[in-house]
Amino acid sequence: MNFLKYVLIVALFPLFSCSSEVVNPVNLNIRLSQVGYLQNDIKTFVIISKGPILSKSFKVVDAVTKETAFKGNINESLPAFDKFKYCYKAGFTELNKEGNYYIEVDGQRSYAFSIGNKVFNQVTDLLMRFFLVQRCGPTNPLMHGPCHLSDATSLSGWKTSKPVDVTGGWHDAGDYIKFFSTTAYASYMLLFAYEYDPIKFGFDNNHNNVPDILEEARVGIDWLLRCYFTKDNIINQVQDTRDHSVGWRLPENDSLQFSRPAFVGLGKNQIGMFAAVMSLASRIWAEKFYDYEFSKKMLTAAETLYPIYKTAPNVDKNVSGVYQDVVFWGKLALGAVELYNSTKNESYLKDAKVFADSAGSDYWWSWGNINSLAHYKLAQYELRYKDYIYNNLASFNTYKNNLLFSEGMPYTWGTTNSLLGVTLQAILYKKLTGSTEFDSLAVLQRDYILGRNQWGISFITGVGKKYPANIHSQIAYFNNGKLPGALTAGPCSPDLLKKYAIKRTNFTYDNYNTENARYYDDKNDYLTNEPTIVGNATAVFVFGNYSSR
């Protein structure tokens, strides 16, 4: 053979290798839940790429044995997603064998994930640890010392400025302000979760014979009781926005610790939430702990404040201007139905029905839009109340159908909490009806939080393979940007981001930001990268329900 011809054949041989492995030089982005899936879950993933995939199939590979556990087809590309001209959806719902796996497409691998019925247990446990970090006062906090032991140093909006004891509770978010509304929401959700399923939410990781979720709820309950400082008024906020202007510091070293005013304010919204928390807690403490004295104290407080709704403003006004409710019917309905559940006084049930019908469907979920909780409770007496929840879910389902990543709501401030609220409502609706109509909607929102999103990030710190490393939090600042189990607020619309002047220094995920949604893993970004007790409380309910104890 001619030598030159021989060299040419050898040089070309690799191009015609008999190997079945296809390696695509284009960087594919495989987006899926980085935690994994329950064995009987709907299991899907998304591919976004600037170039086409070469193969029309994918395989799910056992991460231990390297054997192919599942093969599936990939359909033709979907419409372009911003700069990513090639987008694909695929699934492997049929694979239900417990194990650890990764997806392979064109020779490129996804993050490893698990299939099993306990994959979400550790997620729930980690979400609960976040509340330990947020504790204020002499409450045995995590990652910092006892703090703000002089709360509150003065009283504003009242006939006297005399200090009042509102120590304890939780810091609301990455700062050190405390809010009645968000503490009431978080406390109620923890109590609601335990009542909803005392087995799944009865875990006791610190082995003190008290379910962790009730131990944490007690932190919120005690603080709310302190805030109810007179028969007909409450404290709705501790500290003002000066908290945001004094720089990074641990709470025990807060330069404002002796200048933390409390503010008085009351609305029908807060009366409803207070009544809901105290009524539900009164039942749990009597039935679980046989603590009839504390149970009576809480129920008496709820019954004493509740009638004030007749003369109270519709919504409270707080000094910071944040967490400002615009509606109240749903919260007032929730308070009334919980009072009925604890007392069996028919007048409360009558009120609850009137308020709940006035609330109607809110087509949303946030700390302020929780009508579905009241409708769920009332549906146990009149099933027609499920229809309000159905209206919400049908709207979310329609919205998701036209989106690559299947988000059930538009991007907002607190997107992750809102999306998990979609899942929460689907869980409640299924409990009431047994319907599987919204199973896919529920799972897709859950998986979005865990990595099935355009950035390929799990929005819960410490969960998954890639998660935020620069949380906007005073305490995280002193822990290399990290907090355990913190659910970040998540992506915002550019229109919302433009309203706030934030000096960012980290643009790690900028390649995946689009004209519709942006996320920044930046310690200065309080819109997209700040955790809250509200978001974590919603997440605890959702991931706890997907757990197995």
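Just so we're clear, the structure is a prediction, and the values are computed from it rather than from any experiment.

1. Focus on the overall build of the chain
Point 1. Scanning the chain from N- to C-terminus turns up 15 helices and 13 strands.
Point 2. Relative to a compact globule of 549 residues, whose C-alpha radius of gyration would be 24 Å, the chain shows 25 Å and is just as compact.
Point 3. Projecting the C-alpha coordinates of the chain onto the three principal axes gives extents of approximately 105 × 55 × 45 Å.
Point 4. The proportion of buried residues among the 549 residues of the chain is 60%.

2. Things to note about the pairing of strand S7 (residues 99–105)
Point 1. Across the seven residues of S7, six count as buried, placing the element largely inside the fold.
Point 2. Strand direction decides the pairing type here: strand S4 (residues 57–62) and S7, joined by four bridges, are antiparallel. Each residue of the ladder has a partner; that of Lys59, found in S7, is Glu104.
Point 3. Where S7 and strand S9 (residues 113–115) come together, three bridges link them in antiparallel fashion. Opposite Asn100, over in S9, you have Ser114 as the bridge partner.
Point 4. Pairing analysis gives two bridges linking S7 to strand S8 (residues 108–109), with the strands arranged antiparallel.

3. Some details on the nonpolar core
Point 1. Within the largest apolar cluster, 147 residues are counted, with the highest numbers of intra-cluster contacts made by Tyr188, Leu191, Phe192, Ile221, Leu373, Phe541 and Phe543.
Point 2. Broken down by element, the residue count for this core peaks at twelve residues, all from helix H3 (residues 180–196).
Point 3. Apart from the residues within four sequence positions on either side, Phe192 is in contact with Leu280, Leu373, Tyr376, Lys377, Leu428 and Phe541.
Point 4. Ranked by size, the runner-up nonpolar core spans 20 residues in total, among them Ile30, Leu32, Phe58 and Ile74.

4. Re the packing of H3 against helix H9 (residues 371–379)
Point 1. Interhelical geometry of H3 versus H9 gives an angle of 30° and a closest axis separation of 13 Å. Our classification of the angle between H3 and H9 gives roughly parallel. Regarding H3 and H9, the two cross each other, and that crossing is left-handed. Touching Tyr188, Met189, Phe192, Glu195 and Tyr196 of H3 are Leu373, Tyr376 and Lys377, all from H9.
Point 2. For the contact of H3 with H9, the class distribution of residues is six nonpolar, no polar and two charged.

5. Digging into the environment of Tyr500
Point 1. With respect to the helices, strands and loops of the structure, Tyr500 is situated in the loop between helix H14 (494–497) and helix H15 (533–545).
Point 2. The residues touching Tyr500, leaving out its near neighbours within four places in the chain, are Trp413, Tyr526 and Leu527.

6. Topic: helix H10 (residues 386–400)
Point 1. For H10, built from 15 residues, the straight-helix expectation of 21 Å at 1.5 Å per residue is met to within 8% by its first-to-last C-alpha distance of 21 Å.
Point 2. Within the span of H10, buried status applies to Lys386, Tyr388, Ile389, Asn392, Leu393, Phe396, Asn397 and Lys400.
Point 3. Check the buried side of H10 and you find it contacts helix H8 (346–359), H9, helix H11 (415–433) and helix H12 (439–449).

7. A short note on the sheet that holds strand S3 (residues 44–49)
Point 1. Spatially, three strands are ordered S1-S3-S6 in an open sheet, and the strand pairing comes out antiparallel. Sheet topology places strand S1 (29–31) and strand S6 (86–91) at the edges, where each strand pairs with a single neighbour. The average angle at which neighbouring strand axes cross in this sheet is 20°, direction not considered.
Point 2. Pairing geometry for S3 and S6, over six bridges, is antiparallel. Residue Ile48 lies in a different strand from S6, and its bridge partner there is Cys87.

8. Brief notes about the packing of aromatic side chains
Point 1. According to the stated counting rule, one finds 49 aromatic pairs in the structure shown.
Point 2. Measuring from centroid to centroid gives 6.2 Å for Trp413 and Tyr526, while their planes differ by 35°, and the two rings are tilted. In this pair, Trp413 sits in the loop between H10 and H11 while Tyr526 sits in the loop between H14 and H15, placing the two residues 113 residues apart along the sequence.
Point 3. By relative accessible area, Tyr526 is classed as partly exposed at 25%.
Point 4. Here the basic side chain of Arg218 rests over the ring of Phe294, its NZ or CZ set 3.7 Å away from the ring centre.
Point 5. Positioned over the ring face of Tyr546 is Arg446, at 4.6 Å from the centre of the ring.

Definitions and limits used
- Residues numbered from 1 in each chain as written.
- Predicted model: local features only at pLDDT ≥ 70, side-chain atom pairs only at ≥ 80, totals over all residues.
- Heavy atoms only, no water.
- Helix = DSSP H or I, 4+ residues; strand = E, 2+ residues; numbered from the N terminus.
- Rg over C-alpha atoms; globule rule 2.2 N^0.38 Å.
- Buried < 20%, exposed > 50% of the residue type's maximum accessible area, 1.4 Å probe, protein only.
- Pairing = 2+ DSSP bridges.
- Core = buried A, V, L, I, M, F, W, Y, C linked by side-chain atoms within 4.5 Å.
- Contact = heavy atoms within 4.5 Å.
- Axes fitted to C-alpha atoms, helices over the stretch in contact; angles between N-to-C directions.
- Parallel < 35°, antiparallel > 145°, perpendicular 65-115°, else oblique.
- Left-handed = near helix turned anticlockwise from the far one by under 90°.
- Nonpolar A, V, L, I, M, F, W, Y, C, P; charged D, E, K, R; others polar.
- Expected span 1.5 Å × (residues − 1).
- Phe/Tyr/Trp six-rings, centres within 6.5 Å; stacked < 30°, edge-to-face > 60°.
- Lys NZ or Arg CZ within 6 Å of the ring centre and 35° of its normal.

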